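The lines below spell out each chain.
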Amino acid sequence: MQYTDIVVGTDGSAAGVSAVRWAATHAERVRARLRIVCVYHWPLPGPGRSTAQLDAPARARALAVVAAAVADARGAQPTVEVHGTAVLGLPSDALLTESRTAALLVVGSHGRSALASALLGSVGLQIATFAACPVVVVRGRAHTAIGPVVAGVDDTPSSERVLETGFVEAHRRGCALVAVRAVEKDAPQVRAVALGVRVGCGPSPRSR
């Protein structure tokens, strides 16, 4: 079965808002539906408190985040079909489950916590490593309509998939594709291999 929906995770933070806007723009570009997910959890109940008492306010806050994100996505891209949901659980676990039925999973580079805000963010790192579908971790600008697509490559078989995706995205945007390989300073010169003909994405993308 081929899945076509784009899923974006948000917690209402600035990074989450950027992820939603990027996902909405991409959904419009590829004519896909957009599903917005806010994952929430609550601490273990103390004496005299039930799980229902803890769940209700936490879920209400998550649904408010979802409603704002859905409105933002629809405002940015009115032609995109947008749905939203709140899911109880840990963010990485819940979004990895979502990845099983998504064409693309989009997350922000970090969430609300100080620890998660470092570098890529713990949730983003786990998802990028273990997701069952391609992943986009949005950093910085949500609107990146200009500039080239950059693909990092190496000698592993997965690089061909990376290049294929890079050519497709460059073709959609009508921009250049730049393939980058990092080598150690004293490593022998790496032979360049032109893979563009094998990808078959048409003449629009350029590599340099």
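Residues numbered from 1 in each chain as written. Predicted model: local features only at pLDDT ≥ 70, side-chain atom pairs only at ≥ 80, totals over all residues. Heavy atoms only, no water.

Asks: Looking at this model, I keep getting lost on the pattern of salt bridges. Mind explaining?
Replies: Pairing is possible between side chains that carry opposite charge, provided their charged atoms lie close to one another. Inspection of the entire model under this criterion finds six salt bridges. Of the charged contacts, one joins R172 and E169 as a salt bridge, the two residues approaching to 2.6 Å between their closest N and O atoms. With R172 and E169 both in helix 5 (residues 158-173) and three residues apart, the pair spans about one turn of that helix. Of the charged contacts, one joins E169 and R173 as a salt bridge, the two residues approaching to 2.5 Å between their closest N and O atoms. Of the two residues, E169 and R173 both sit in helix 5, four residues apart, roughly one turn of that helix. (Salt bridge = Lys/Arg side-chain N within 4 Å of Asp/Glu carboxyl O. Helix = DSSP H or I, 4+ residues; strand = E, 2+ residues; numbered from the N terminus.)

Asks: Can you walk me through the sheet that holds strand 3 (residues 82-88) in this structure?
Replies: Paired through their backbone hydrogen bonds, the strands of a sheet run either parallel or antiparallel. In spatial order, the strands read 3-2-1-4-5; together these five strands make up an open sheet with parallel pairing. Both outer strands of the open sheet, strand 3 and strand 5 (135-138), are each paired with one neighbouring strand and no more. Here the average twist between neighbouring strands, direction ignored, is 20 degrees. Docked against the sheet, helix 3 (residues 91-99) engages strand 1 (6-9), strand 2 (34-40), strand 3 and strand 4 (104-108), running at close to 155 degrees with respect to strand 2. (Pairing = 2+ DSSP bridges. Axes fitted to C-alpha atoms, helices over the stretch in contact; angles between N-to-C directions. Contact = heavy atoms within 4.5 Å.)

Asks: I would appreciate a short explanation of the nonpolar core in the present structure.
Replies: Nonpolar side chains in soluble globular proteins tend to end up buried together. I6, V8, L34, I36, A73, V82 and V106 are the most contacted members of the largest nonpolar core, which has 27 residues in total. Those elements that provide at least two residues to this core are strand 1, helix 1 (14-30), strand 2, helix 2 (51-76), strand 3, strand 4 and strand 5. Tallying contributions element by element places helix 2 first for this core, with seven residues. If near-sequence neighbours (up to four positions away) are discounted, V106 is found in contact with I6, V7, V8, G9, A19, W22, A23, V136 and V138. (Core = buried A, V, L, I, M, F, W, Y, C linked by side-chain atoms within 4.5 Å. Buried < 20%, exposed > 50% of the residue type's maximum accessible area, 1.4 Å probe, protein only.)

Asks: Looking at this model, I keep getting lost on the packing of helix 1 against helix 5. Mind explaining?
Replies: A pair of packed helices is captured by two measures, namely the crossing angle of their axes and the spacing between those axes. For the pair helix 1 and helix 5, interaxial distance at closest approach is 11 Å and the crossing angle is 80 degrees. Classed by the angle they form, the pair helix 1 and helix 5 counts as roughly perpendicular. Every residue of helix 5 that contacts helix 1 at W22, H26, R29 and V30 is listed here: E169, R172 and R173. Class assignment for the residues of the contact of helix 1 with helix 5 results in two nonpolar, one polar and four charged. (Parallel < 35°, antiparallel > 145°, perpendicular 65-115°, else oblique. Nonpolar A, V, L, I, M, F, W, Y, C, P; charged D, E, K, R; others polar.)

Asks: Please clarify how unusual backbone geometry should be interpreted in this entry.
Replies: Residues other than glycine predominantly adopt negative phi, and peptide bonds predominantly adopt the trans conformation. In the Ramachandran plot, R31 falls in the positive-phi region, its phi being about 60 degrees despite a non-glycine side chain. Relative to the assigned elements, R31 resides in the loop between helix 1 and strand 2.

Asks: Got a minute to help me understand the pairing of strand 7 (residues 176-180) in this structure?
Replies: Side-chain positions along a regular strand alternate between the two faces of the sheet. Sheet topology note: the strand 6 (residues 149-152)/strand 7 ladder contains four bridges and is parallel. Bridge pairing in strand 7 links V150 to V178. As a crossover connection, the stretch from strand 6 through helix 5 into strand 7 is right-handed. (Right-handed = clockwise from strand over helix to strand, strands pointing away.)

Asks: When you look at the environment of V178 in this model, what are you seeing that I'm missing?
Replies: Here V178 lies in strand 7. Put simply, V178 and V149 are 29 residues apart on the chain and 6.1 Å apart in space, counted from C-alpha to C-alpha.

Asks: Quick question: what am I supposed to make of the environment of A170 here?
Replies: Following the sequence through the fold, A170 ends up in helix 5. Taking the C-alpha atoms as reference, A170 lies 7.2 Å from P148; in sequence the two are 22 residues apart.

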